[in-house]
Amino acid sequence: MTTSLSVNINKIATLRNARGENNPDVVKVALDCEQFGADGITVHPRPDERHIRRSDVYSLRPVIKAEFNIEGYPSPEFMDLVLKVKPEQVTLVPDTPDTLTSCAGWDVEPNFEFLSSIVEALHQGGIRSSIFVGTDIENIKLAAKTSTDRIELYTKPYADLYPNDPEKAVMPFVEASRAAHKVGLGVNAGHDLSLENLQYFHKNLPYLNEVSIGHALICDALYYGLEDTIRRYKECLKD
Ligand code: PXP
């Protein structure tokens, strides 16, 4: 199946914020990513605005032609923003405001009513929902019962184990992808995917709609340039 590449541009905003002016220009970089072949742009506006700001989200919305994916913890402020901006997809992550980067998926059971109401609000706004989860099958089945359209699999455990034992690393994700598909969920994946581990992940997952990649891709762009880097990541996603 075709797997889309959504480029997470948080790190571009981190770089811009280091000097307080508008270099690099987040909107220009997003448009260039699109032009270089990205199928989507992902941002994660955090409450402290340490990278992407609310104002960036408003600036990006009218100019992005690729799929716009906004990820974040569904606080009232976050929901107000996404329901105004109406991206194609919202990815719900369980981070508290001080979390450095997303480091786990949702435990769906204790959050079931909350997540179900958020998914419903997104659907009423015409927005596709995705819930960030690990590979636990029961958790994924419960996620499906919230009526979410997709899940996003947290891939750091895969990335950590891949160099030592790729087969063992990918197996829980293969099973999770199969189980998700069986209960009607689309499957996204993200976190620590890289030029080293992406091709194997894509080759092995039976169902994979989208990968969302930031850190490694922006690091690679320092050496290869953004255009060549995006081409290389897209190459990993070829069937
Ligand atoms: N998916 C989610 C939910 C995330 O929070 C992040 C990090 O912002 C990513 C994907 C991308 O991870 P990475 O920057 O390691 O590629």
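Residues numbered from 1 in each chain as written. Predicted model: local features only at pLDDT ≥ 70, side-chain atom pairs only at ≥ 80, totals over all residues. Heavy atoms only, no water.

Enquirer: I tried to follow the environment of Ile127 on my own but got confused; where do I start?
Expert: Residue position: Ile127 is located in the loop between helix H5 (112-124) and strand S5 (128-133). Look at Ile127 and you get buried, because its relative accessible area is 1%. Other than its neighbours up to four places away in sequence, Ile127 contacts Val82, Leu83, Lys86, Pro87, Glu88, Gln89, Val90, Leu122 and Asp149. (Helix = DSSP H or I, 4+ residues; strand = E, 2+ residues; numbered from the N terminus. Buried < 20%, exposed > 50% of the residue type's maximum accessible area, 1.4 Å probe, protein only. Contact = heavy atoms within 4.5 Å.)

Enquirer: Could you clarify how one ought to interpret the sheet that holds strand S7 (residues 186-190) in this entry?
Expert: The strands making up a sheet associate through hydrogen bonds between their backbones, and the pairing can be parallel or antiparallel. One closed barrel holds the eight strands; their spatial order is S1-S2-S3-S4-S5-S6-S7-S8, and the pairing between them is parallel. The sheet shows a mean angle of 25 degrees between the axes of neighbouring strands, taken without regard to direction. In this structure, strand S4 (residues 89-92) lies alongside S5, joined through four bridges in parallel fashion. The partner of Gln89 across the bridge, within S5, is Arg128. (Pairing = 2+ DSSP bridges. Axes fitted to C-alpha atoms, helices over the stretch in contact; angles between N-to-C directions.)

Enquirer: When you look at the pattern of salt bridges in this model, what are you seeing that I'm missing?
Expert: Pairing between side chains of opposite charge can happen when their charged atoms approach one another. In this structure the tally under the stated criterion is 15 salt bridges. Across the pair Arg50 and Asp48 runs a salt bridge whose closest N-O atoms are separated by 3.1 Å. Of the residues examined, Arg50 reaches a relative accessible area of 27% and is grouped as partly exposed. Asp48 gets classed as partly exposed once you look at its relative accessible area, which sits at 45%. (Salt bridge = Lys/Arg side-chain N within 4 Å of Asp/Glu carboxyl O.)

Enquirer: Is there a simple way to explain helix H6 (residues 137-145) in this structure?
Expert: Residue pairs three or four apart in sequence face the same way in an α-helix, which turns once every 3.6 residues. All buried positions along H6 are accounted for by Asn139, Ile140, Ala143 and Ala144. Here the buried residues of H6 occupy an arc of 145 degrees about the axis, which is enough to place them on one side. Exposed residues on H6 whose side chains face more than 90 degrees from its buried face are Glu138 and Lys145. In the core, the buried residues of H6 are packed alongside S5, strand S6 (150-154) and helix H8 (166-182). Within two residues after H6, Ser147 carries a phi angle of roughly 75 degrees, on the positive side. (Arc of directions from axis to C-beta.)

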